[in-house]
Amino acid sequence: MTTECTHLDQIAVLEPAGREGCPECLAAGGTWVHLRSCLVCGQVGCCDSSPAKHASGHFRTTGHPLMRSIEPGEGWGYCFEDEVTLRSAELRGR
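Residues numbered from 1 in each chain as written. Predicted model: local features only at pLDDT ≥ 70, side-chain atom pairs only at ≥ 80, totals over all residues. Heavy atoms only, no water.

1. As for the environment of Glu-4
Quick note on the threshold: By the criteria applied, helices consist of DSSP H or I runs no shorter than four residues and strands consist of E runs no shorter than two, each listed in order from the N terminus. Any two residues whose heavy atoms approach within 4.5 Å are treated as being in contact.
Its location among the elements puts Glu-4 in the segment before helix H1 (23-28). Separated by 82 residues in sequence, Glu-4 and Leu-86 place their C-alpha atoms 8.5 Å apart. Excluding anything up to four places from it in sequence, Glu-4 contacts Asp-82 and Val-84.

Below, the structure written as C-alpha cells:
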C-alpha cells in the first residue's frame, strides 16, 4: 500500500451532482448515514457506514478511485485504489 494517492490527476469534478441525498437510497426508499461524492464524475453516494454503501459500490462498478465527503464542515477525501485519505489541500490544489 502506498502512502500517497497516485490518482489525483483524475480529479475532474469538485462539486457533487446534488446534495439532496443518496439518489440510489432515495429511489429504493432506503436511508444513509453520510454522503460522498465521486471526484471523477460527481456521482453522490452513501458512505460505508450506510446500509447500501453506494459510494464504494460506485468505485467497484466504474473504477473511479476518488471520492470526497460532502458533509458540512468536512473537507477530506479518499482514494479507494491506493487506500489513502486525502487532505482538503490536495483536493483544492487540482
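2. Thoughts on the pairing of strand S1 (residues 35-38)
Rules: For every residue, the accessible area (1.4 Å probe, protein chains only) is compared with the maximum for its type, and the residue is labelled buried under 20%, exposed over 50%, or partly exposed between those bounds. DSSP bridges decide pairing: two strands pair if at least two such bridges lie between them.
Judged by which residues are buried, S1 turns out to be covered on both faces: Leu-35 and Ser-37 on one side and Arg-36 and Cys-38 on the other are all buried. Counting the residues in the hairpin turn of S1 and strand S2 (residues 44-46) gives five residues, including Gly-42, whose phi is positive at 90°.

3. Quick look at the nonpolar core
Applicable threshold: Grouping buried Ala, Val, Leu, Ile, Met, Phe, Trp, Tyr and Cys residues that are joined through side-chain atoms within 4.5 Å yields what is termed a nonpolar core.
The biggest cluster of nonpolar side chains holds nine residues, and these are Cys-5, Leu-8, Ile-11, Leu-39, Leu-66, Cys-79, Val-84, Leu-86 and Leu-91. In this structure, Cys-5 is in contact with Leu-66, Cys-79, Asp-82, Val-84 and Leu-86, ignoring residues within four places of it in sequence. Judged by nonpolar contacts, the second largest core, of six residues, contains Cys-22, Cys-25, Leu-35 and Ile-70.

4. What about the sheet that holds S2?
Applicable threshold: Simply put, an axis is a line fit to the C-alpha atoms, just over the touching stretch for a helix, and the angle between two N-to-C directions goes from 0 to 180 degrees.
Taken together, five strands build an open sheet; the order of strands is S2-S1-S3-S4-S5 and the sheet is antiparallel. Strand pairing shows two members of the sheet lacking a second neighbour, S2 and strand S5 (84-86), which therefore form its edges. Sheet twist, expressed as the mean angle between neighbouring strand axes with direction ignored, is 35°. In the sheet, S1 pairs with S2 via three bridges, with the strands oriented antiparallel. The residue of S2 that forms the bridge with Ser-37 is Val-44. Against the sheet, helix H2 (residues 54-62) touches S1 and S2, its axis set at about 120° to S2.

5. Details of the packing of aromatic side chains
Stated precisely, the cut-off is as follows: The rule is short: rings of Phe, Tyr and Trp, with Trp giving its six-membered ring, pair when the centres are within 6.5 Å, and they are stacked under 30 degrees, edge-to-face over 60, tilted in between.
Evaluation of the coordinates by the stated rule reveals two aromatic pairs. Summarising the aromatic geometry, the rings of Tyr-78 and Phe-80 are spaced 5.4 Å apart at their centres and angled 80° between planes, so their arrangement reads as edge-to-face. For Phe-80, a relative accessible area of 17% corresponds to the buried category. What links up through ring pairs into an aromatic cluster is the set Phe-59, Tyr-78 and Phe-80.

6. Details of H2
Within H2 the residues assigned to the buried category are His-54, Ala-55, Ser-56, Gly-57, His-58 and Phe-59. On its buried face, H2 sits against H1, S1 and S2. Positive backbone phi, approximately 80°, marks Gly-63, located one or two places after H2.

7. Remarks on the confidence of the model for the chain
The criterion, for reference: Confidence per residue, as judged by the predictor, is encoded in pLDDT with a range of 0 to 100.
Residues at a pLDDT of 70 or more form 96% of the chain, whose mean pLDDT is 92. When mean pLDDT is compared element by element in the chain, H2 scores highest at 98, while helix H3 (residues 88-92) scores lowest at 80.

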